[in-house]
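Understanding the architecture of this molecule
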Amino acid sequence: MKRVLIGTGGGDCPGLNAVIRGVVKRASREKNWEIIGSINSFDGILREPTEVVVLDEKTVAGIHFRGGTIIGTTNKGGPFEWPVKNTDGTWGTADRSDEMIRKLGYMGVEAVINVGGDGSQRISQALYEKGLNIIGVPKTIDNDLPFTDYTFGYQTAVQIATEAVDKLVTTAASHNRILILEVMGRDAGWIALNAAIAGGAEVCLIPEIPYNIKKVRDSLESRFSKGKGFANIVIAEGAMPEGGEPSAGETDEVGYRGLKLSGAAVRLANELKDEGVEPDIRETVLGHLQRGGIPVAYDRILATQFGVKAFEMVMEKNYGKMVSYRHPDIVSIPLADAVQKKKYVTLESDLVNTARGIGMCLGD
Ligand code: F6P
């Protein structure tokens, strides 16, 4: 029996279960393969006792439309930065990667499929460099991974954010207010800009275009002066004013990877008030609603394709690669390339041109 381990790492994302199901169903069409899932990414291997589950066709039946991940996830710690409590009560980290690779060997794991975003794929590449047979599957609602046209989960997030804009438009109009919607995306503006276009927001502020608050104020005032008594703004959580930084909060989660972004909408509301903008301004932070629940059909299909491809790459021993979507094909690219950079909205893109073309203020 050949054993393949699958783990899901980083923030959860609609479509993770469809990937797991794709891997398991594709493997079940071959003889002598067993798929096991590590609970909460690599934590399941690093913990004692080991926390893994056997994934068979029965386990994955009907999970393709379920949100979250049936094997859990984490965006804390990992094999290279395992949190360790020091004697003085502070936290440090330990590199447990060699120990983990050895343990996978004892467990008879032939290959690992690591489903995750940029942080997880950097871990995949580092483990590959240490000799582990590993394949990455790109996942993130932020759509910020390069060399793949889309990541699954992103279309669901855009859909949820768009529905939020739709709802906020009617209440803004009824109350003659300026309503600000803060959406996720980390330091990429894909969710914000797409939801703003789809939902018809008047202003969209994204990390790639630091905003000039006076220009935002002028565009709102010009709209109100034309008798349009309300406005909707979509702001990405990582957006920042010219010369400023993204708005970030504190986290006491031990081993949390990255910056915890929060407060962009409230900051913008205060800045607009300071600029003398008179209509009532309210903020909505969409938060984890963008990540939870049922994936849209597009994401289910892409996730299933990624799962099937990942298992086929295991059979081909095509290790050190990441599954990627290059329309219309599902291909593989070196993990080393995938972790080199991130994919951001570019000012010259057709998307930005479209937003400007319909008169949207992008804060510049
Ligand atoms: O990367 C996905 C994402 O949802 C980002 O858009 C967001 O900044 C981050 O994860 C939040 O992560 P968490 O809720 O796990 O702290």
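Residues numbered from 1 in each chain as written. Predicted model: local features only at pLDDT ≥ 70, side-chain atom pairs only at ≥ 80, totals over all residues. Heavy atoms only, no water.

**Observations regarding the site of the ligand**
The test is simple: Any residue with a heavy atom positioned within 4 Å of a molecule or strand is treated as near that molecule or strand. In protein, a polar contact requires one atom able to donate a hydrogen and another able to accept it; more generally it is a pair of N or O atoms within 3.5 Å, and residues adjacent in sequence count only if both atoms are side-chain atoms. The Shrake-Rupley method, run with a 1.4 Å probe sphere, supplies the accessible areas, and residue values consider only the shown protein chains as cover. We call Asp, Glu, Lys and Arg charged. Ala, Val, Leu, Ile, Met, Phe, Trp, Tyr, Cys and Pro are nonpolar, and the rest, Gly among them, are polar. Boundary definitions for the domains trace back to an automatic or database domain assignment.
Around the ligand, the structure places N75, I141, D142, M184, G185, R186, E237, Y256, H288 and R291. One of the backbone N or O atoms of G185 is found 3.1 Å from an oxygen atom in the ligand. Residue H288 places a side-chain N or O atom 2.4 Å away from an oxygen atom belonging to the ligand. Considered on its own, the ligand offers 400 Å² of accessible surface; in the complex 85% of this is hidden by protein. Here the shell around the ligand is composed, by residue class, of three nonpolar, three polar and four charged. Residue assignment places the shell around the ligand across two domains, with domain 1 (2–152 + 295–327) and domain 2 (156–291 + 346–357) each supplying three or more.

**Side note on the domain arrangement of the protein chain**
We apply this condition: Contacts: residue pairs with any heavy atoms within 4.5 Å of one another.
Partitioning the protein chain into domains gives domain 1 (2–152 + 295–327) and domain 2 (156–291 + 346–357). With centres defined by C-alpha atoms, the gap from domain 1 to domain 2 works out at 33 Å. Residue-level contacts link 22 residues of domain 1 with 17 residues of domain 2. Seen at the junction of domain 1 and domain 2, the total is eight residue pairs in polar contact (both at pLDDT 80 or more).

**Some thoughts on the sheet that holds strand β9 (residues 203–205)**
Here is the rule we go by: Between any two strands, at least two bridges found by DSSP are needed for them to pair. Here a helix means four or more residues in a row that DSSP labels H or I, a strand means two or more in a row labelled E, and each is numbered from the N terminus. Every axis corresponds to a line fitted to the C-alpha atoms, with the helix fit spanning only the stretch in contact, and the corresponding angles, defined between N-to-C directions, vary from 0 to 180 degrees.
The strand order across the open sheet formed by four strands is β9-β10-β8-β13, and the pairing between neighbours is parallel. Each edge of the open sheet is held by one strand with a lone partner, namely β9 and β13 (281–285). Neighbouring strand axes in the sheet, compared pairwise and without regard to direction, differ in orientation by 20° on average. Across three bridges, the pairing between β9 and strand β10 (residues 231–236) is parallel. Paired with V203 across the two strands is I233, which belongs to β10. With respect to the sheet, helix α6 (residues 190–199) is in contact with β8 (178–183), β9 and β10, its orientation differing from that of β10 by roughly 160°.

**A word on the packing of aromatic side chains**
To describe a pair of aromatic rings, you give the distance between the ring centres and the angle between the ring planes. Short version of the rule: Each Phe, Tyr or Trp ring (for Trp, its six-membered ring) is paired with any other whose centre lies within 6.5 Å, and the angle between the two planes then decides the class: stacked below 30 degrees, edge-to-face above 60, tilted in between. To sort residues, take the accessible area from a 1.4 Å probe on protein chains only and compare it with the maximum for the residue type: under 20% means buried, over 50% means exposed, and anything in between is partly exposed. Two limits define a charge over a ring: the Lys NZ or Arg CZ must be within 6 Å of the ring centre, and within 35 degrees of the ring normal.
Scanning the entire structure with this criterion turns up four aromatic pairs. Seen in terms of ring centroids, W33 and F311 are 5.1 Å apart; in terms of plane orientation they differ by 85°. Their pairing is edge-to-face. In this pair, W33 sits in strand β2 (residues 33–38) while F311 sits in helix α9 (residues 297–315), placing the two residues 278 residues apart along the sequence. Looking at W33, the relative accessible area reads 16%, which means it is buried. Aromatic pair Y150 and Y298: ring centres 6.0 Å apart, planes at 85°, arrangement edge-to-face. With a gap of 148 residues between them, Y150 in the loop between β7 (134–138) and α5 (154–175) and Y298 in helix α9 connect regions that are remote in the sequence. Residue classification places Y150 among the partly exposed residues on the basis of a relative accessible area of 30%. Aromatic ring contacts, followed pair by pair, group Y150, Y154 and Y298 into a single cluster. Above the ring of W82, the side-chain terminus of R96 is found at 4.9 Å from the ring centroid. Between R223 and the ring centre of F230, over which it is positioned, the NZ or CZ distance is 4.9 Å.

**Details of the nonpolar core**
Rule in force here: In this text, buried Ala, Val, Leu, Ile, Met, Phe, Trp, Tyr and Cys residues form a nonpolar core when linked through side-chain atoms within 4.5 Å.
In terms of nonpolar packing, the biggest core is built from 67 residues, with I6, I35, I113, V137, F152 and L193 touching the most fellow members. If one sorts the elements of this core by residue count, α5 sits on top with nine residues. Residues from two domains meet in this core; each of domain 1 (2–152 + 295–327) and domain 2 (156–291 + 346–357) gives at least three. The residues contacting I113, other than those within four sequence positions of it, are V4, L5, I6, G7, V23, I135, V137, A310, F311 and V314.

**A short note on the environment of R267**
Among the secondary structure elements, R267 is positioned in helix α8 (residues 264–274). It is 7.9 Å that separates the C-alpha atoms of R267 and S247, two residues lying 20 residues apart in sequence.

**A look at the packing of helix α7 (residues 213–225) against α8**
Going by this rule: Angle categories: roughly parallel below 35 degrees, roughly antiparallel above 145, roughly perpendicular from 65 to 115, and oblique for all the rest.
At a closest axis distance of 10 Å, the pairing of α7 and α8 adopts a crossing angle of 75°. In terms of orientation, α7 and α8 fall into the roughly perpendicular class. Contacts from I213, V216, R217 and L220 in α7 reach L268, E271 and L272 in α8.

**Quick look at the side chain of S38**
Relative to the elements of secondary structure, S38 occurs in strand β2. Apart from the residues lying within four places of it in its own chain, the contact partners of S38 are L5, I6, G7, G44, I45, E51, V52 and I71.

**Points about the pattern of salt bridges**
Applied cut-off: When a carboxyl oxygen of Asp or Glu lies within 4 Å of a side-chain nitrogen of Lys or Arg, that pair is called a salt bridge.
This structure, assessed with the given rule, holds 25 salt bridges. Between K317 and E110 there is a salt bridge, and its shortest N-O distance comes to 3.5 Å. With a gap of 207 residues between them, K317 in the loop between α9 and β14 (321–326) and E110 in strand β6 (residues 109–116) connect regions that are remote in the sequence. A residue is classified by how much of its surface remains accessible, and E110, at 24% relative accessible area, is partly exposed. Among the ionic pairs, R186 bridges to D142, the shortest N-O distance being 3.3 Å. Residue R186 is found in the loop between β8 and α6, and its partner D142 is found in the loop between β7 and α5; the two are separated by 44 residues along the sequence. In this structure, a network of salt bridges that share partners links the residues D118, R122, D142, D144, R186, D187 and K342.

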